[in-house]
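# Residue-level structural notes
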Amino acid sequence: MQLTKILHPTDFSEASRRALPHALELARRSSARLILTHVRTPYSDDPNRPEYHFVDEGKYSNFIRLELEKAGDRIDADIPFSSIIARDVSPANGILRVVQEQEADLIVMGTHGRAALGHFFLGSVAERVVRHSPIPVLTVASKRDGYRDNPHYRKILTAFDFSVHSLRAAEWAQGIAQLYGARLTVLYVIEQEVHPGFYEMWKVSVADELPTLKDRAHQALAGLLGEQGLYGAEIVVEVGRGDGRVHRDLCDFVRREEIDLIVMGTYGLTGVEHALLGSTTERMVRIAPCPVLTVRRDTQE
């Protein structure tokens, strides 16, 4: 893991302000340049809704400049940084374009944590960036009960499912753990969605096979991580609730162990496939009780 440029998109909201300390700490520890970015999007005028109107260009430009200056004042002198104002049809598109232009290594951004119907219809800039970004994305939430918002990571968790995506995430998790001197835990959840009529039978079956199953999973995971040169992590194997919703099991573990950062791989599903299947990683971005770093496997890999 080598960080030379960290991109911090900001819309000057509370979520962005909470994400900035994480970007600063990563930049400081890795001696990377921090790039503050604000994406301007078109405004439409609706005569039937007076609250929607063309913005005063001069006032808005001054507002952006002042807010970027305020953000810059929070950056210590030993951290090199620059500011970029981009224009695009949507914030997510603009962020991804700046990533390519600046050849950034990591995105650190806030997420508003929109949920339920509001999230379903409106989507999320952070989740779109997570889904399409060619580089890892660290998301920090705001206004979430019990949220653990500590930029000085001491306990890091990477969720593993034996895919190439989770292996790539484990490599990043180890790199950040070394950077912070943090304790790294690799968690594998044995999970299977069970229909209600078979639930009692499934519990009996798991009880019979559990000792052997957990041992085999632990050995397989240790062997795979060892082959990749990933040593020193605590390996934990747990059995899920049987409802097929791994994100709940992950959140329970994070709260119980007071984890500071979750590192997860993402498949980058889009379109109908994403709408029907969803994504455990994107659910964690939305509901996790601490920041989440998502790592996407390179297309060629």
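Scroll up to find the structure this text is about.
### Overview of the pairing of strand β2 (residues 33–40)
- A large share of β2 lies buried, amounting to seven of its eight residues.
- Pairing of strand β1 (residues 5–9) with β2, which is carried by five bridges, proceeds in the parallel orientation. Counterpart to histidine 8 in the pairing with β2 is leucine 36.
- The pairing of β2 with strand β3 (residues 81–87) spans seven bridges and is parallel. Bridge assignment links leucine 36 to a residue of β3, and that residue is serine 83.

### Concerning the packing of aromatic side chains
- For the coordinates displayed, the defined rule picks out three aromatic pairs.
- On the numbers, 4.7 Å between centres and 35 degrees between planes, the contact of tyrosine 153 with tyrosine 180 is tilted. On the criterion of sequence distance, the pair formed by tyrosine 153 in the loop between β5 (137–141) and β6 (155–160) and tyrosine 180 in helix α6 (residues 164–180) is long-range, its members being 27 residues apart.
- For tyrosine 153, a relative accessible area of 0% translates into the label buried.
- Look at tyrosine 180 and you get buried, because its relative accessible area is 5%.
- For the ring pair phenylalanine 160 and phenylalanine 162, a centre distance of 5.5 Å and an interplane angle of 85 degrees mean the geometry is edge-to-face.
- Among the aromatic residues, ring-to-ring pairing joins Phe160, Phe162 and Tyr188 into one connected group.

### Let's talk about the sheet that holds β1
- Strand order in the open sheet formed by ten strands is β3-β2-β1-β4-β5-β10-β9-β6-β7-β8, and the pairing between neighbours is mixed. With one partner strand each, in any of the chains shown, β3 and β8 (234–239) form the two edges of the open sheet. In this sheet, neighbouring strand axes are inclined to one another by 25 degrees on average, regardless of whether the strands run parallel or antiparallel.
- Where β6 meets strand β7 (residues 183–190), six bridges bridge the pair, whose relative direction is parallel. Of the residues in β7, the one forming a bridge with leucine 157 is threonine 185.
- Along the sheet, helix α5 (residues 125–132) makes contact with β4 (106–111), β5, β9 (261–266) and β10 (292–296), crossing β4 at roughly 155 degrees.

Reading the values: the criteria
- Residues numbered from 1 in each chain as written.
- Predicted model: local features only at pLDDT ≥ 70, side-chain atom pairs only at ≥ 80, totals over all residues.
- Heavy atoms only, no water.
- Buried < 20%, exposed > 50% of the residue type's maximum accessible area, 1.4 Å probe, protein only.
- Helix = DSSP H or I, 4+ residues; strand = E, 2+ residues; numbered from the N terminus.
- Pairing = 2+ DSSP bridges.
- Phe/Tyr/Trp six-rings, centres within 6.5 Å; stacked < 30°, edge-to-face > 60°.
- Axes fitted to C-alpha atoms, helices over the stretch in contact; angles between N-to-C directions.
- Contact = heavy atoms within 4.5 Å.

So far we have only geometry, and geometry alone does not tell us how the molecule works.
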